[in-house]
Amino acid sequence: MAARVGLLLPHALLVSSARALPTPRARLPYPPPPIPTYRRRASSASRPRRASPRLLAVRAMASGNPYAAELAAAKKAVTLAARLCKTVQQDIVHSGVQAKADKSPVTVADYGSQILVSLALKMDVASGPFSLVAEEDSEELRKEGAEEILEDITDLVNETIVDDGSYNISFTKEGILSAIDDGKSEGGPSGRHWVLDPIDGTKGFLRGDQYAIALALLDDGKVVLGVLACPNLPLSSINNLNGNSSGDQVGALFSATIGCGAEVESLYGSPPQKKLGVQAPPVRIDSQAKYGALARGDGAIYLRFPHKGYREKIWDHAAGSIVVTEAGGIVTDAAGNDLDFSKGRFLDLDTGIIATNKNLMPSLLKAVQEAIKEMNQATSLL
């Protein structure tokens, strides 16, 4: 019975226990590449300046993280994108848009988020070929009638850059289209590929609820780094079914690097916390914010069983899965196989995705597989 109930709760949660962290060898950050598609904005003495991700990466190297530069840039990228998304979401809530039928606000945020992530990565860590596997491309924006939304995206992206103060550049409309198409890579088993979901959890985004900007790095087909920016997730544990906690600081940034564990910190600046441990039952929330909540101990199990024929995209799970595994958990398909991110833009896997801790996984897999077998047998008798 427990297995059947679990299968009916595709948004249940997981986490695991804390562990000692290894200390791999650090390496120097990459030099920034030229960005020919953007026009530079005149400097302003009054504009606030923040520490660059490259400087943050140098500081992070003291921890022995072999992907220190990439981690610092990834955090910066999703934080910058979150600034834009938060602005758009507030406008949606205030304007009363509650259905996906009006796609324009979400479209602006999706494109804008992807552009800003691409910008930050190319400015701070890209060296040589730059590969980004992301959800959006510029095809729709190049069609007749898309001029107004393209202008909206351009204005919003440039305003976000100015407000943030980290980069002294601005985009032309053609630069916007080019930056979006940075995400057309197919990924694969060799080389480095960034994987991005610019807004994971569209329904939550429209409701003014939970969503995430999810970014991961593949190195020769393996997820080695992941960050999740969750602007509406409480920094402390979730304590009700809506994923909100009154009085708590809101805005969580989860990060993980292979072999270095997982951390959670304020999206708006605070010391990171290494903390794991299954303590609470699962809850339903939108987006890969689930993975982050699991990794800090808000729940025990995550089950996902989409409808037959659905193909999982790698950007829906890459960042979240490494946050959970580096927290000490396990993420597999329903057959117990590791998720394989080396096959391109889609995951080829057995029915469903399961995540839990090492102690629960054997019994959970057995229960799930028995439940699937019973369901298949019942279906064959109809």
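Conventions used here
Residues numbered from 1 in each chain as written. Predicted model: local features only at pLDDT ≥ 70, side-chain atom pairs only at ≥ 80, totals over all residues. Heavy atoms only, no water. Helix = DSSP H or I, 4+ residues; strand = E, 2+ residues; numbered from the N terminus. Buried < 20%, exposed > 50% of the residue type's maximum accessible area, 1.4 Å probe, protein only. Contact = heavy atoms within 4.5 Å. Areas by Shrake-Rupley, 256 points an atom, 1.4 Å probe, with all protein chains shown as cover. Polar contact = N/O pair within 3.5 Å; in protein donor to acceptor, adjacent residues only side chain to side chain. pLDDT = per-residue confidence, 0-100. Core = buried A, V, L, I, M, F, W, Y, C linked by side-chain atoms within 4.5 Å. Salt bridge = Lys/Arg side-chain N within 4 Å of Asp/Glu carboxyl O. Pairing = 2+ DSSP bridges. Axes fitted to C-alpha atoms, helices over the stretch in contact; angles between N-to-C directions. Phe/Tyr/Trp six-rings, centres within 6.5 Å; stacked < 30°, edge-to-face > 60°. Lys NZ or Arg CZ within 6 Å of the ring centre and 35° of its normal.

(A) The overall build of the protein, seen in detail. Helix and strand counts for the protein stand at 10 helices and 13 strands. For the protein, buried positions account for 55% of its 382 residues. Taking the intrachain contacts of the protein between residues at least 6 apart in sequence as the baseline, contacts between residues at least 24 apart amount to 73%. Total accessible area on the protein stands at roughly 16,900 Å², and carbon and sulfur atoms take up 53% of it.

(B) Seen up close, the side chain of Ser185. Mapped onto the secondary structure, Ser185 falls in the loop between helix H6 (173-180) and strand E4 (192-200). What makes Ser185 buried here is its relative accessible area of 17%. Of the polar contacts made by the side chain of Ser185, one reaches the side chain of Ser131; its length is 2.6 Å. Those residues in contact with Ser185 that lie beyond four places of it in its chain are Ser131, Leu132, Val133, His193 and Arg345.

(C) Examining the confidence of the model for the protein more closely. In this model, the protein carries a mean pLDDT of 77, and residues with pLDDT of at least 70 account for 72%. Counting contacts from residues 275-282, a segment whose pLDDT is below 50, to residues more than four positions away or on other chains yields 34 contacts.

(D) Inspection of the nonpolar core at higher detail. Formed by 58 residues in total, the largest nonpolar core has its most connected members in Ile153, Val157, Trp194, Phe205, Ile213 and Leu215. With 13 residues, helix H3 (residues 68-95) is the single largest residue contributor to this core. When sequence neighbours within four positions are dropped, the list of residues in contact with Val157 reads Leu84, Gly112, Ile115, Leu116, Phe171 and Ile176. One finds Ala216, Leu235, Phe254 and Val264 within the second-largest nonpolar core, a separate group that totals 35 residues.

(E) Broad picture of the pattern of salt bridges. According to the stated counting rule, one finds 12 salt bridges in the structure shown. Asp182 is the partner of Lys122 in a salt bridge, and the nearest nitrogen-oxygen pair spans 3.5 Å. In this pair, Lys122 is assigned in helix H4 (residues 104-124) and Asp182 in the loop between H6 and E4, connecting sequence segments 60 residues apart. Of the two residues examined, Lys122 and Asp182, each falls in the buried class. Two residues, Lys143 and Glu140, come together in a salt bridge whose shortest N-O distance is 3.0 Å. The partly exposed category is assigned to Glu140, whose relative accessible area is 45%. Counted as one network, the salt bridges with shared partners bring together Glu70, Arg192 and Asp219.

(F) Focus on the pairing of strand E11 (residues 329-333). Along E11, four of the five residues are buried, which leaves the element largely enclosed by surrounding structure. Bridge analysis of E11 against strand E13 (residues 353-357) gives five bridges, and the strand direction is antiparallel. When the bridges of E13 are listed, Asp333 appears paired with Ile353.

(G) Inspection of the sheet that holds strand E9 (residues 302-304) at higher detail. The three strands lie next to each other as E9-E13-E11, forming an open sheet whose pairing is antiparallel. Of all strands in the sheet, those bounded by a partner on one side alone are E9 and E11. Pairs of neighbouring strands in the sheet enclose a mean axial angle of 15 degrees, with direction left out of account. Relative to E13, E9 is paired through three bridges, and the arrangement is antiparallel. Directly across from Tyr302, in E13, lies its bridge partner Ala355.

(H) The packing of aromatic side chains, seen in detail. If you walk through the whole model with that rule in mind, you get two aromatic pairs. Look at Tyr291 and Tyr302: their rings are 4.9 Å apart centre to centre, the planes differ by 90 degrees, and that puts the pair in the edge-to-face class. Here Tyr302 lies in strand E9 and Tyr291 lies in helix H8 (residues 289-295), a separation of 11 residues in the sequence. Assessed through its relative accessible area of 2%, Tyr302 is described here as buried. Here the basic side chain of Arg311 rests over the ring of Phe346, its NZ or CZ set 4.2 Å away from the ring centre.

(I) Fine view of the sheet that holds strand E6 (residues 222-234). Overall, mixed pairing links the six strands, which are arranged E2-E4-E5-E6-E7-E8 in an open sheet. Each end of this open sheet is capped by a strand with a single partner; those strands are strand E2 (132-134) and strand E8 (262-266). Adjacent strand axes in the sheet meet at a mean angle of 15 degrees when their direction is disregarded. Note: E2 against E4, three bridges, orientation parallel. Note on E4: the bridge partner recorded for Ala134 is Leu196.

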